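# Tertiary structure, described
Here are the chains, one letter per residue:
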Amino acid sequence: MSTALSRLFFALVALFLAAPLIVIAGVSVNEMRSLTFPPVGFSLAWYGEIFTDPGWRGALTVSVLIALGAATLAVAIALPIAYSLWRRVSAVGRIIQTLGISPFVLPPVITALGALSLWATVGAYGAWYTVVISHAIFFTSLPLVTISLGFSTIDREVTEAARTMGADDRTVLTTIVLPMIVPYIVSGFAFAFVLSLNEYIVAYMTVGFTLETVPIKIFNALRYGYTPTMASISILFVAVAVAVFGTVAWFGDLPKLLGAWRAGDEK
């Protein structure tokens, strides 16, 4: 009886958590131009409008490009930090690691205000690259954590054996270390990409309305009325997140990537 009650409880919790998404999905296929639920009729036209309307298509393109740039830069920052800490633990390295994690620990509005002050001071406020750099700094914590986990799973006896056989540091890095941590690099990139795609506060504080990402476009669209297009692009973003994280989980062993496995554990 207790097992049945437990299953019923978890089913109710799952339904409660999924309810907003169910409502948004229903609204996104509404035939009428209004946020009505249950939907009146059925139409996928609002999904098509994401790609046919210049405003939404432009915002989607900008969001994807910013997310790609931010995720790439975040990995480029995190990888050498994690590698240096793996090679030699030092007080300076720990401080740098803490600084790398701190932006994600702080409330986003604090990071956003700091970015606003910085770019306004140097006269770059509103430039497209400010949001890329700001997002990269904000989300560096994600690849830094996953890549550090990757380095922690490497058996140092393997690299020592390679050096004994005459391999230099560069050869060890390119032929042994990097291939072993590629899944962790990819997962860190994926996490940063998805979160950058959906981030609003930092983007708004760095570029305002001079450059419209999808979250900013949704906020602007609210001033002119509510349309199912906003719901459809929300569902699209959820689908992208599920696809990205699902791919990472399928090919990269998600529990291992999240640190549930350590070197020395049974494989």
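Right, let's walk through the structure included here. (Residues numbered from 1 in each chain as written. Predicted model: local features only at pLDDT ≥ 70, side-chain atom pairs only at ≥ 80, totals over all residues. Heavy atoms only, no water.)

This part covers a nonpolar patch on the surface. Side chains of Leu35, Tyr204, Phe209, Phe219, Leu222 and Tyr226 sit close together on the surface and give an oily, nonpolar patch of about 560 Å² of accessible area. Along the chain, Tyr204 turns up in helix H10 (residues 201–207). (Patch = residues over 30% accessible without salt bridge, like charges linked within 9 Å, V, L, I, M, F, W, Y side chains within 5 Å. Areas by Shrake-Rupley, 256 points an atom, 1.4 Å probe, with all protein chains shown as cover. Salt bridge = Lys/Arg side-chain N within 4 Å of Asp/Glu carboxyl O. Helix = DSSP H or I, 4+ residues; strand = E, 2+ residues; numbered from the N terminus.)

Quick look at empty space enclosed by the protein now. Enumeration according to the criterion identifies one cavity of 30 Å³ or more in this entry. Taken together, Ser63, Ile66, His135, Ser196, Leu197, Glu199, Thr213 and Pro215 form the lining of the largest cavity. Elements that contribute at least two residues to the lining of the largest cavity include exactly helix H3 (54–87) and helix H9 (169–198). Counted by class, the lining of the largest cavity contains three nonpolar, four polar and one charged residues. (1 Å grid on protein atoms, 1.4 Å probe; cavity = no way out; pocket = protein on both sides within 12 Å on 5 of 7 lines; lining within 4 Å. Points joined across faces, edges and corners; volume = space filled by probe spheres on them. Nonpolar A, V, L, I, M, F, W, Y, C, P; charged D, E, K, R; others polar.)

This brings us to the environment of Ile66. Within the secondary structure, Ile66 sits in helix H3. The buried category is assigned to Ile66, whose relative accessible area is 7%. Taking the C-alpha atoms as reference, Ile66 lies 9.2 Å from Ile133; in sequence the two are 67 residues apart. Sequence-distant contacts of Ile66, defined by excluding residues within four places in its chain, comprise Val131, Val132, His135, Ser196, Leu211 and Thr213. (Buried < 20%, exposed > 50% of the residue type's maximum accessible area, 1.4 Å probe, protein only. Contact = heavy atoms within 4.5 Å.)

The next subject is the packing of H3 against helix H11 (residues 214–221). Where H3 contacts H11, the two axes come as close as 8 Å, and the packing angle between them is 150°. Residues Gly55, Trp56, Ala59, Leu60 and Ser63 of H3 form the contact with H11, whose participating residues are Val214, Pro215, Lys217, Ile218 and Ala221. (Axes fitted to C-alpha atoms, helices over the stretch in contact; angles between N-to-C directions.)

The next subject is the side chain of Lys217. For Lys217, the position within the fold is in helix H11. No salt bridge forms around the buried Lys217; measuring N to O, its nearest opposite-charge neighbour Glu212 is 4.2 Å away. Apart from the residues within four sequence positions on either side, Lys217 is in contact with Gly55, Trp56, Ala59 and Glu212. (Lys, Arg positive; Asp, Glu negative; His and termini not counted.)

What follows covers the packing of aromatic side chains. Evaluated as defined, the whole model comprises nine aromatic pairs. Ring geometry for Phe138 and Phe139: centres 4.8 Å apart, planes at 50°, overall tilted. With respect to class, Phe138 is no different from Phe139; both count as buried. On the basis of an interplanar angle of 40° and a centroid distance of 5.8 Å, the ring pair of Tyr200 and Phe219 is categorised as tilted. Here the residue Tyr200 occupies a position in the loop between H9 and H10, and Phe219 occupies one in helix H11, the gap between them amounting to 19 residues. (Phe/Tyr/Trp six-rings, centres within 6.5 Å; stacked < 30°, edge-to-face > 60°.)

Running from N to C, H3 and helix H6 (residues 128–139) cross one another at 50°; their axes reach a closest spacing of 8 Å. Judged by the angle between their axes, H3 and H6 are oblique. Considering only the axes of H3 and H6, their crossing is right-handed. Where H3 approaches H6, its residues Ile66, Gly69, Ala70, Leu73 and Ala74 are matched on the opposing element by Val131, Val132, Ile133, His135, Ala136 and Phe139. (Parallel < 35°, antiparallel > 145°, perpendicular 65-115°, else oblique. Left-handed = near helix turned anticlockwise from the far one by under 90°.)

Looking now at the side chain of Glu49. Relative to the helices and strands, Glu49 resides in helix H2 (residues 45–52). Not counting chain neighbours up to four residues away, the residues in contact with Glu49 comprise Arg33, Trp56 and Thr229.

The next point concerns the environment of Thr36. Tracing the backbone shows Thr36 in the loop between helix H1 (2–28) and H2. Exposure remark for Thr36: the relative accessible area of 26% places this residue in the partly exposed category. Taking the C-alpha atoms as reference points, Thr36 and Pro228, 192 residues apart in sequence, are found 8.6 Å from one another. Excluding residues that lie within four positions of it along the chain, Thr36 makes contacts with Val27 and Asn30.

The values are spatial; any link to function lies outside them.
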